[in-house]
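# Structure assessment
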Amino acid sequence: MKTRLLRDIEVSEVGMGCMAFSHGYGQIPPEEYSVEAIRNAYRNGCTFFDTAEIYSPNLSGIGHNEHIVGKALYGVREQVVIATKLFLNGFEAVGKGSVYNAVRRHLEGSLTRLGTDRVDLYYLHRMGGASVEKIAEAMGRLMEDGLIRGWGLSQVDVPVIKKANGVTPLSAVQNIYSMVERDAEQGVIPYCLENNIGFVPFSPIASGLLSGKITVDTQFERHDDVRNWVPQLSKANIAGNQPIIDLLKKFAEMKHATSAQISLAWMLHKYPNVVPIPGSKNKERIVENLDASKVELTDEEFRSLEEALNGCRVYGHRGFRR
């Protein structure tokens, strides 16, 4: 697979979000299946794996997903890039000492669960009680300590990115972005591009909407399935967004690809600093998503797709959330 840079960290141009093996998409698979699915992704060219300390069934407990990722990548650790994230509340940062000490405590827990001596890309999962400048300073110290190679922020806007980047240069920003969630195009992606910061879209296939496999008759699992709450996946909004699904199907047939692959190829063509991390708990679907790297849109095809997409109304826009 072709590669891209998140500042100076080289990764496969399509990565893998690993959350679904622990949370968010209904019943989780057996651990053995999850481990094999991650290893199979590596065999199919993926070198960039994204997890978080909070990814556990029903978001209850810490580290379920990190444990799986660490187990799966044991033996190929030097050939892959692992990204994980921490949550930090104000009490931890103020009531128990310095921001650096609090962040380091979280990182040490992740290192143990991942079975590694370093994290390649360490994100603050969401802004909390600590100032972003203090977070950036702590991340810089962790880089000096050799415990992380780079750092990032998730679900942030340009003013926050500027403050952080002025203290310790960011490797990546991870925000929601897809054909139906394009707020990042207005400021965040251009700023990242200008400042050598990678942009890592989560939910790049809009929780499956852009695959074309979800219909108004689709029933999501009732247990720990975030798709029950995604506005774009209500019956009314699935119907409203059908023109976008039809557009993707048209291009997919033309390019002998899948709709999901076209949606990923679109963002890869549009921005050289974008590295999407589609997630799935299905082994075959994971490989399909990775194979979006093989779908080449010509400039003319891209312009045609972009023009048609700009003419479509989006129903159920989620918008930027901290």
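A few points on the structure. What you are looking at is a predicted structure, and each value in this text was computed from that prediction instead of being measured. (Residues numbered from 1 in each chain as written. Predicted model: local features only at pLDDT ≥ 70, side-chain atom pairs only at ≥ 80, totals over all residues. Heavy atoms only, no water.)

Here the focus is the overall build of the protein chain. For the protein chain, the helix and strand inventory stands at 12 helices and nine strands. In summary, the protein chain has a C-alpha radius of gyration of 19 Å against a globular reference of 20 Å for 322 residues, a match within 12%. Reported as C-alpha extents along the three principal axes, the dimensions of the protein chain are approximately 55 × 40 × 35 Å. The buried share of the protein chain, taken over its 322 residues, is 57%. (Helix = DSSP H or I, 4+ residues; strand = E, 2+ residues; numbered from the N terminus. Rg over C-alpha atoms; globule rule 2.2 N^0.38 Å. Buried < 20%, exposed > 50% of the residue type's maximum accessible area, 1.4 Å probe, protein only.)

Counted by the stated rule, this structure contains three aromatic pairs. On the numbers, 5.8 Å between centres and 25° between planes, the contact of Tyr177 with Trp266 is stacked. Of this pair, Tyr177 sits in the loop between strand 8 (172-174) and helix 7 (188-194) while Trp266 is found in helix 10 (residues 259-270), placing the two residues 89 residues apart along the sequence. Here Tyr177 and Trp266 have matching classes, each one buried. Aromatic rings pair up to connect Tyr177, Phe199, Trp266 and Tyr271 into one cluster. Directly above the ring of Tyr100 sits Arg141, whose terminal nitrogen or CZ lies 3.6 Å from the centroid. (Phe/Tyr/Trp six-rings, centres within 6.5 Å; stacked < 30°, edge-to-face > 60°. Lys NZ or Arg CZ within 6 Å of the ring centre and 35° of its normal.)

Everything listed is a geometric property; what it means functionally is a separate question.
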